[in-house]
Amino acid sequence: MTDKAAEKRKEQLSYAFGFGYALLLTVPLFASVAFDWIDRSTLLWITGIAAILQIVVHFRFFLHIRLKGQTKEDLQLILFTTLVMGVMGLGTIWVIFNLMSRM
Amino acid sequence: MSTTRHPGLNLGPHHGKADDTAEVEVFGFWVFMMSDAIIFGLLMATYVVMSGNLNGGPGPRELFELRPVFIETMLLLFSSLTFGFAQIGMKYHPHPARMIIWLLVSIALALIFVGMEVNDFITMAGKGGVPQASGFLSSFYALVPLHGIHVTAACIWAFAILGQIAVYGLDDEVKTGMLRLGILWHFLDIVWIGIFSIVYIGGLA
């Protein structure tokens, strides 16, 4: 029974940590947009990095995706989806903006 | 570290058959969610390509407001946390009371999110920001309301689960349904990270 209580506490903490990290990666971004702390291009780079970090945080703490110890190919599916999205999404952006700059 | 059988909270061996069926069912749902992720990813790429094409209409700075978007972001993040608590309640308590309370809190937060988002769209339309005004707005209305519809559908599913509990009690089907809904719930929060970063912060920075 105490084992179960410890496991429950650990799982609650996992969600609480995920929530805390997500707050840390969100609130400063919105604040710097609202109060104009940093210039646009720097802020966009920071936003991009913070978004990727926060997506990793959500996968790790809310969806419990880990690097090891899964019975099915959950992580491989995420990586494959990321690859497909990268090729098609970034490919679209690259090709179209290249076309625009030539017109 | 114990092995995890599927994404999201695992019920663990003391749930017996529900834990066994969850492994296959949640994996199948995970595959579906990843295909949904590609749809959202490509709509985001479309938005990035179209975002400069204003056609003389209103742009992001005239149409977007930071404060409601920040509140919406917090609502979704809080509902991810409370949904986690609902699942933990289901895992450790045979009686569904805790799970139902946290699930209702999650639904309430998500419905406030949808309401605020609809209000944003109405405000935008009042300023001339309608889908047919420009390429920027067409791609905006293809992306952001699609996420809102997903959140609404997730709420309907959550009400269906509450109905199933009322009729059948907390049985194996309800448990695995709750695990799959959890995947959708957290996934929608992840999509929102992309939307607020690209659309709103990208538009207002």
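Residues numbered from 1 in each chain as written. Chains lettered and ligands numbered in written order. Predicted model: local features only at pLDDT ≥ 70, side-chain atom pairs only at ≥ 80, totals over all residues. Heavy atoms only, no water.

> So what exactly am I meant to see when it comes to the overall build of chain A here?
The helix and strand inventory of chain A stands at three helices and zero strands. When the helices and strands of chain A are placed in sequence order, the string is α-α-α. Radius of gyration (C-alpha) of chain A: 19 Å, far over the 13 Å computed for a compact globule of 103 residues. Principal-axis analysis of the C-alpha atoms places the extent of chain A at approximately 70 × 40 × 15 Å. For chain A, the residues scored as buried account for 36% of the 103 residues in total. Put simply, of all contacts in chain A between residues at least 6 apart along the chain, 51% involve residues at least 24 apart. Across chain A, 10 positive and 7 negative side-chain charges occur, with their mean positions spaced 3 Å apart. (Helix = DSSP H or I, 4+ residues; strand = E, 2+ residues; numbered from the N terminus. Rg over C-alpha atoms; globule rule 2.2 N^0.38 Å. Buried < 20%, exposed > 50% of the residue type's maximum accessible area, 1.4 Å probe, protein only. Contact = heavy atoms within 4.5 Å. Lys, Arg positive; Asp, Glu negative; His and termini not counted. Charge placed at Lys NZ, Arg CZ, Asp CG, Glu CD.)

> Help me out: how do you make sense of the packing of aromatic side chains in this one?
We describe a pair of aromatic rings using the distance from one ring centre to the other and the angle between the two ring planes. All told, the structure shown has 22 aromatic pairs over all chains when counted by the stated rule. With 5.2 Å between their ring centres and 85 degrees between their planes, Phe140 of chain B and Tyr141 of chain B make a pair best called edge-to-face. In this structure Phe140 of chain B comes out as buried when scored by relative accessible area, which is 0%. Cluster of aromatic residues (ring-pair linked, three or more members): Tyr47, Phe64, Phe113, Phe121, Phe136, Phe140, Tyr141, Trp192 and Tyr200 of chain B. Over the ring of Phe61 of chain A we find Arg60 of chain A; its NZ or CZ atom is 5.1 Å from the centre of that ring. (Phe/Tyr/Trp six-rings, centres within 6.5 Å; stacked < 30°, edge-to-face > 60°. Lys NZ or Arg CZ within 6 Å of the ring centre and 35° of its normal.)

> Whenever I open this one, the environment of Ile201 of chain B confuses me. Can you help?
All names here are of chain B. Within the secondary structure, Ile201 is located in helix 6 (residues 172-204). Residue classification places Ile201 among the buried positions, given a relative accessible area of 0%. The sequence separation of Ile201 and Ser139 amounts to 62 residues, and the corresponding C-alpha distance is 16 Å.

> Where do I start with the interface of chain A and chain B in this structure?
By a widespread convention, an interface's size corresponds to the accessible area lost as its parts come together. The interface of chain A with chain B comprises 49 residues on the first partner and 52 residues on the second. In total, about 4,700 Å² of surface goes out of reach between chain A and chain B, with carbon and sulfur atoms giving 78% of it. Considering only the side of chain A, the residues that lose the most area to chain B are Tyr15, Phe30 and Leu63 of chain A, jointly responsible for 15% of the buried surface there. At the junction of chain A and chain B, the tally comes to two salt bridges. Across the chain A-chain B interface, the total number found is nine residue pairs in polar contact (both at pLDDT 80 or more). Among the elements of the structure, helix 1 (2-34), helix 2 (40-62) and helix 3 (74-102) of chain A are those that each provide at least two residues to the side of chain A that touches chain B. With 17 residues, helix 1 of chain A is the largest single contributor of residues to the side of chain A that touches chain B. In terms of residue class, the side of chain A that touches chain B is made up of 27 nonpolar, twelve polar and ten charged. (Buried area = accessible area lost by both parts, 1.4 Å probe. Salt bridge = Lys/Arg side-chain N within 4 Å of Asp/Glu carboxyl O. Polar contact = N/O pair within 3.5 Å; in protein donor to acceptor, adjacent residues only side chain to side chain. Nonpolar A, V, L, I, M, F, W, Y, C, P; charged D, E, K, R; others polar.)

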